[in-house]
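Breakdown of the fold
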Amino acid sequence: MHHSQTRKIIMAEKAGFCFGVQRAVDKVYAETEKGGQVYTFGPIIHNETVISDLAARGVRIIHSADEAEALHGATVVLRSHGVTREVFRKLSENKEVRLIDATCPFVRRIHEIVEERSRAGDYIVIIGNVGHAEVEGTLGWSEGPASVIETAEEARAFRLPDGMPLTVVAQTTFNARKFEEFIAILKEKGYNGFIVNTICSATSERQAEARRISRQVDAMIVIGSSTSSNSAKLFEICRRECDRTFFIQSYEDLGPGDLAGAGTIGITAGASTPRNIIEEVMEHVGNGTNF
Ligand code: F3S
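First, a word on scope: everything that follows refers to the structure included in this document. (Residues numbered from 1 in each chain as written. Predicted model: local features only at pLDDT ≥ 70, side-chain atom pairs only at ≥ 80, totals over all residues. Heavy atoms only, no water.)

**Describing the packing of aromatic side chains**
Operational definition: Here is the rule: rings of Phe, Tyr and Trp (six-membered ring for Trp) pair when centre to centre is within 6.5 Å. Planes less than 30 degrees apart are stacked, more than 60 are edge-to-face, and the remainder are tilted. Here a helix means four or more residues in a row that DSSP labels H or I, a strand means two or more in a row labelled E, and each is numbered from the N terminus. Using a 1.4 Å probe on the protein chains alone, a residue whose accessible area is under 20% of its type maximum counts as buried, one over 50% counts as exposed, and one in between counts as partly exposed. A ring has a charge above it when a Lys NZ or an Arg CZ is no more than 6 Å from the ring centre and no more than 35 degrees off the ring normal.
On inspection of all chains with the given rule, the structure shows 6 aromatic pairs. Judged by centre distance (6.2 Å) and plane angle (55 degrees), the ring pair of F88 and W141 falls under tilted. Of this pair, F88 sits in helix α4 (residues 85-93) while W141 sits in the loop between α6 (133-139) and β7 (146-149), placing them 53 residues apart in sequence. Note on W141: relative accessible area 5%, which makes it buried. Following the ring pairs from residue to residue traces out a cluster consisting of Y123, F158 and Y191. Just above the ring of F194 sits the side chain of R117; from NZ or CZ to the centre is 4.2 Å.

Pasting the structure below:
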């Protein structure tokens with residue numbers, strides 16, 4: 001049998017890390033090359049493989065600006081989610097810390113909008129998940145009153161203080177349909193204001209590409225952690241188009257015969273799947289070993 005020779009693989013271009021996360025991870029690796037103690041402010045990404053690899057290279061994690069007070073001559077890298085203005089100020093004023101800001105530029109732009117508009121007197125609404133690190137960071141750039149709206153009920157219950165102008169932004173990874181729904185609710189209440197859809201297209205583009213590829217293949221592989229909600233969502237999208245869709249964490253999860261007879265195989269990966277894991281899967285599926 002030689003179907004390994006004729007097997008065609010379609011690899012999603014937008015598989016794995018988005019631009020902002022890749023940039024942050026690259027910055028941490030670049031810092032580890034320079035010697036010196038490197039810290040990240042919170043885990044740089046929700047992926048255990050990457051985190052333990054970084055730990056093996058001596059990278060440690062701090063969780064607050066106060067923790068950084070005890071550091072002597074360290075490099076601190078801010079992750080793509082960003083931080084509050086207070087944390088940013090404390091870390092940049094700390095003479096013992098070399099601060100590397102890996103806040104995603106798209107998140108940074110939201111901080112700027114929130115800072116400027118709140119300074120001008122606007123009430124700030126962030127449509128996103130309460131307690132999410134990015135949302136907490138963004139809240140921290142508001143100089144006046146601000147709230148987070150996560151559900152339709154909260155949008156309905158929202159009261160804008162009399163006479164206050166309104167600015168609305170979104171968490172970059174928030175669901176676009178829900179964002180539109182909440183905006184419609186606010187408008188029904190007569191709240192118009194300055195509305196900026198700051199949802200990042202990385203997620204929706206990854207999903208659209210996965211859908212397109214899964215329509216044209218015999219088998220589809222989605223690589224991602226079982227705890228990653230965006231990977232689960234990718235799997236769901238692909239399975240709707242292709243019955244033979246596999247959700248795996250690494251190539252070892254593929255069983256013998258899983259891909260038997262599949263002439264064309266598509267591969268994509270969730271936002272927290274590192275490049276080397278994706279490449280490993282590509283290699284094994286490509287040369288047909290054991291499958
Ligand atoms: Fe990623 Fe930045 Fe978008 S971190 S999801 S590219 S906002």
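Still more ground to cover, so stick around.
**Remarks on the sheet that holds strand β12 (residues 264-269)**
The test is simple: Note on pairing: DSSP must find at least two bridges between two strands before they are called paired. Axes here refer to lines fitted to C-alpha atoms; in helices the fit is confined to the stretch in contact. Angles between the N-to-C directions go from 0 to 180 degrees. Any two residues having at least one pair of non-hydrogen atoms within 4.5 Å are treated as being in contact.
Overall, parallel pairing links the 4 strands, which are arranged β1-β12-β10-β11 in an open sheet. Strands at the two margins of the open sheet, each flanked by one partner only, are β1 (8-11) and β11 (245-248). Going across the sheet, the axis of each strand differs from the next one's by a mean of 20 degrees, ignoring polarity. Pairing of strand β10 (residues 219-223) with β12 involves 5 bridges; the strand directions are parallel. Paired with I221 across the bridge in β12 is I267. Strands β1, β10 and β12 of the sheet are contacted by helix α9 (residues 201-215), whose axis makes an angle of about 165 degrees with β12. Set on the sheet, helix α10 (residues 229-241) makes contact with β10, β11 and β12; between it and β11 the angle comes to about 170 degrees.

**Some remarks on the pattern of salt bridges**
Using the following cut-off: Salt bridge, as used here: a side-chain nitrogen of Lys or Arg that lies within 4 Å of a carboxyl oxygen of Asp or Glu.
What the rule picks out here adds up to 17 salt bridges. The shortest N-O distance in the salt bridge between E115 and R119 comes to 3.3 Å. Of this pair, E115 and R119 both sit in helix α5 (residues 105-119), separated by 4 residues, roughly a single helical turn. Looking at E115, the relative accessible area reads 15%, which means it is buried. On the basis of relative accessible area, R119 is assigned to the exposed category, the value being 53%. Note that E241 is salt-bridged to R215, the shortest N-O span being 3.1 Å.

**A look at the pairing of β10**
Side-chain positions along a regular strand alternate between the two faces of the sheet. Where we set the bar: Every crossover in which the path from the first strand over the helix to the second runs clockwise, viewed with the strands pointing away from the viewer, is termed right-handed.
Counting buried residues along β10, 5 of its 5 residues qualify, which places the element largely inside the surrounding structure. Burial of β10 is two-sided: the residues A219, I221 and I223 facing one way and the residues M220 and V222 facing the other way are all buried. Both β10 and β11 contribute to a ladder of 4 bridges, which runs parallel. The partner of M220 across the bridge, within β11, is T245. Handedness of the crossover joining β10 and β11 through α10: right-handed.

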